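Architecture and fold: a report
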Amino acid sequence: MAFRKKSTKNPPVLSHEFILQNHADLVACVGMFFVLGLMFEGTAEASIVFITLQHSVTFPAAEERATESKFLYYYGIKDLATVFFYMLVAIIIHATIQEYVLDKINRRMQFPKAKQSKFNESGQFSVFYLVSCIWGTFILISENCLSDPTLLWRAHPHNMMTFQMKFFYISQLAYWFHAFPELYFQRTKKQDIPRQLVYIGLHLFHIAGAYLLYLNHLGLVLLMMHYFVELLSHICDLFYFSDEKYQKEFSLWAIVFILGRLVTLIVSVVTVGFHLAGGQNQNPDAITGNVNVLAAKIAVLSSSCTIQAYITWNLFNVQLQRWVEEDTALQAPSVKKKRTKGRSSRKGTENGVATSNRVDSPHKRKEKSS
């Protein structure tokens, strides 16, 4: 994601440069189209599908004195419209953070072009991971998942979600879907696009899998652990970009990274084992949340192990690249010193010859005169 320089010239309307410079305003206009639809009776019903959560079920109050009914949600085809609207919101927030925070820091720090894209990427992900960790932890506390971990595999009803749980998953899907157009808006380099597509696709695959299989609590716990480790990673990168002396912090993050991967695997195996251990059902139905079959066990555990192996492999690649960069940075000054010493010795010999010629010139003139 390159640093964007605003030019004084106004590009032609709807041109490539015009869309890149004003994509947030264009997306905001599309979002306002759905919001304004709430003002008219004929379009309010359609606009509500995009703005509010759909597929709700009302349950009577459990207690006799309670008067408020409880609303639970399941997923359906209308969720695609809600994801699309909040994807537009994510694009607007992304552009706001980029323009009013990251671009100003880039101008003040005057990073080289090689570091600008990495700094912007780490800055955007740091904000997202921080907000998601706080939000997800609040949901886990409010639904007593931290005080009673058995809710990870015995949540009841297993095919329903609370409002905050569904809204969290809708927001997560919207954010990762918005990352696809951001590759174009942020002028991502062609060599970085495959890496970004794999990174985005893996997150979408696992978040959508937990959402569709009603493994909501398990998915939320695993996301919190993953996001916390990624948050530390990008914070370390931000400190490293500001001053390279913070390179030592990378070793501390590597330890936390490995521990996070191990805990994620342990939680996945334990939760899936208890969740699906009560006898296998011969008639699975993913719509009702009945995935208690051997195929579901293998799919969930294999996907969890695959993502952990892929992320660990990326860690080793990043570390190797940083070691190579450090070696080249250390070798460059020594080569320059050798070159400067050679040049100084040559200049010294030349200066010595010149001074000797200047000293001998009066004697030679006397010999010539005699």
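Computed from a predicted structure; not experimentally measured.

Rules used in this analysis
Residues numbered from 1 in each chain as written. Predicted model: local features only at pLDDT ≥ 70, side-chain atom pairs only at ≥ 80, totals over all residues. Heavy atoms only, no water. Helix = DSSP H or I, 4+ residues; strand = E, 2+ residues; numbered from the N terminus. Buried < 20%, exposed > 50% of the residue type's maximum accessible area, 1.4 Å probe, protein only. Contact = heavy atoms within 4.5 Å. Areas by Shrake-Rupley, 256 points an atom, 1.4 Å probe, with all protein chains shown as cover. UniProt positions renumbered as here; feature names shortened; annotations may be inferred. Axes fitted to C-alpha atoms, helices over the stretch in contact; angles between N-to-C directions. Parallel < 35°, antiparallel > 145°, perpendicular 65-115°, else oblique. Left-handed = near helix turned anticlockwise from the far one by under 90°. Nonpolar A, V, L, I, M, F, W, Y, C, P; charged D, E, K, R; others polar. Polar contact = N/O pair within 3.5 Å; in protein donor to acceptor, adjacent residues only side chain to side chain. Salt bridge = Lys/Arg side-chain N within 4 Å of Asp/Glu carboxyl O. Phe/Tyr/Trp six-rings, centres within 6.5 Å; stacked < 30°, edge-to-face > 60°. Core = buried A, V, L, I, M, F, W, Y, C linked by side-chain atoms within 4.5 Å. pLDDT = per-residue confidence, 0-100. Patch = residues over 30% accessible without salt bridge, like charges linked within 9 Å, V, L, I, M, F, W, Y side chains within 5 Å.

1. So, the overall build of the protein
- A tally of helices and strands in the protein yields 11 helices and two strands.
- Across the 370 residues in the protein, those meeting the buried criterion constitute 38%.
- Taking contacts inside the protein between residues at least 6 apart in sequence as the whole, the part at least 24 apart equals 75%.
- Here the protein has roughly 22,700 Å² of accessible surface; of this, 66% comes from carbon and sulfur atoms.

2. Points about the environment of Ile48
- With respect to the helices and strands, the residue Ile48 is situated in helix H3 (residues 41-51).
- Of the residues examined, Ile48 reaches a relative accessible area of 36% and is grouped as partly exposed.
- Spatially, the C-alpha atoms of Ile48 and Gly37 are 8.5 Å apart, while their sequence positions differ by 11 residues.
- Excluding residues that lie within four positions of it along the chain, Ile48 makes contacts with Leu38 and Gln54.

3. Let's talk about the UniProt feature "transmembrane region" (unreviewed entry) in the protein
- Taking the UniProt record as the reference, the feature "transmembrane region" (unreviewed entry) is found at residues 83-102, 123-141, 167-185, 197-214 and 252-274.
- Helix makes up 100% of residues 123-141 and strand makes up 0%, while its end C-alpha atoms are separated by 27 Å.

4. Some details on the packing of helix H7 (residues 163-185) against helix H8 (residues 193-212)
- Look at H7 against H8: their axes get within 10 Å of each other, and the N-to-C directions meet at 160 degrees. The angle between H7 and H8 falls in the class roughly antiparallel. Considering only the axes of H7 and H8, their crossing is left-handed. Contact residues: Lys166, Tyr169, Ile170, Gln172, Leu173, Trp176, Phe177, Ala179, Phe180 and Leu183 in H7; Gln196, Leu197, Tyr199, Ile200, His203, Leu204, Ile207, Ala208, Ala210 and Tyr211 in H8.
- Among the residues making up the contact of H7 with H8, the classes are represented as 16 nonpolar, three polar and one charged.

5. Quick word on the side chain of Ser126
- When you line up the elements, Ser126 lands in helix H5 (residues 113-142).
- A polar atom in the side chain of Ser126 sits 2.6 Å from the backbone oxygen of Ser122.
- In this structure Ser126 touches Leu231, His234, Ile235 and Leu238, once residues within four positions along its chain are discounted.

6. What to know about the pattern of salt bridges
- Taken as a whole, this structure holds three salt bridges when the rule is applied.
- Its salt-bridge partner being Glu17, residue Arg187 comes within 2.6 Å of it at the nearest N-O pair. Note that Arg187 is positioned in the loop between H7 and H8 and Glu17 in helix H1 (residues 16-21), a separation of 170 residues in sequence.
- For Glu17, a relative accessible area of 30% puts it in the partly exposed group.
- Put simply, Lys166 and Asp79 hold a salt bridge, and the shortest N to O gap is 3.0 Å. Of the two residues, Lys166 sits in helix H7 while Asp79 sits in helix H4 (residues 79-109), which places them 87 residues apart along the sequence. Asp79 matches Lys166 in its accessibility class, with the two residues each being buried.

7. Quick look at the packing of aromatic side chains
- Here the structure, examined in full by the defined rule, presents 27 aromatic pairs.
- Seen from their ring centres, Tyr175 and Trp176 are 5.4 Å apart, and the 90 degrees between their planes marks the pair as edge-to-face.
- Accessibility expressed as a relative area gives 12% for Tyr175, which makes it buried.
- Since its relative accessible area comes to 0%, Trp176 is described here as buried.

8. Focus: the nonpolar core
- Counting residues in hydrophobic clusters, the biggest one holds 52 residues, and the most contacted among them are Tyr129, Tyr169, Trp176, Leu220 and Tyr227.
- Counting only elements with at least two residues in this core, the list comes to helix H2 (23-36), H4, H5, H7, H8, helix H9 (216-242) and helix H10 (249-275).
- With 10 residues, H7 is the single largest residue contributor to this core.
- Once you skip the residues sitting within four places of it in the chain, Trp176 turns out to touch Phe125, Phe128, Tyr129, Tyr199, Ile200, His203, Leu204, Ile207 and Tyr227.
- Counting seven residues, the second-largest nonpolar core is a separate cluster that includes Phe257, Ile307, Ile311 and Leu315.

9. Thoughts on the confidence of the model for the protein
- Per-residue pLDDT for the protein has a mean of 79; in total, 73% of the residues score no lower than 70.
- Mean pLDDT per element in the protein: helix H11 (residues 294-369) is the minimum at 63, and H7 is the maximum at 95.
- Segment residues 361-370 is flagged for pLDDT under 50; beyond a separation of four residues in sequence, or across chains, it makes zero contacts in the model.

10. What to know about a nonpolar patch on the surface
- A grouping of Met32, Val35, Leu36, Leu38, Met39, Phe40 and Ile48 is seen on the molecular surface, where their side chains present a nonpolar patch of about 650 Å² in accessible area.
- For Met39, the position within the fold is in the loop between H2 and H3.
- Its relative accessible area of 61% is what places Met39 among the exposed residues.

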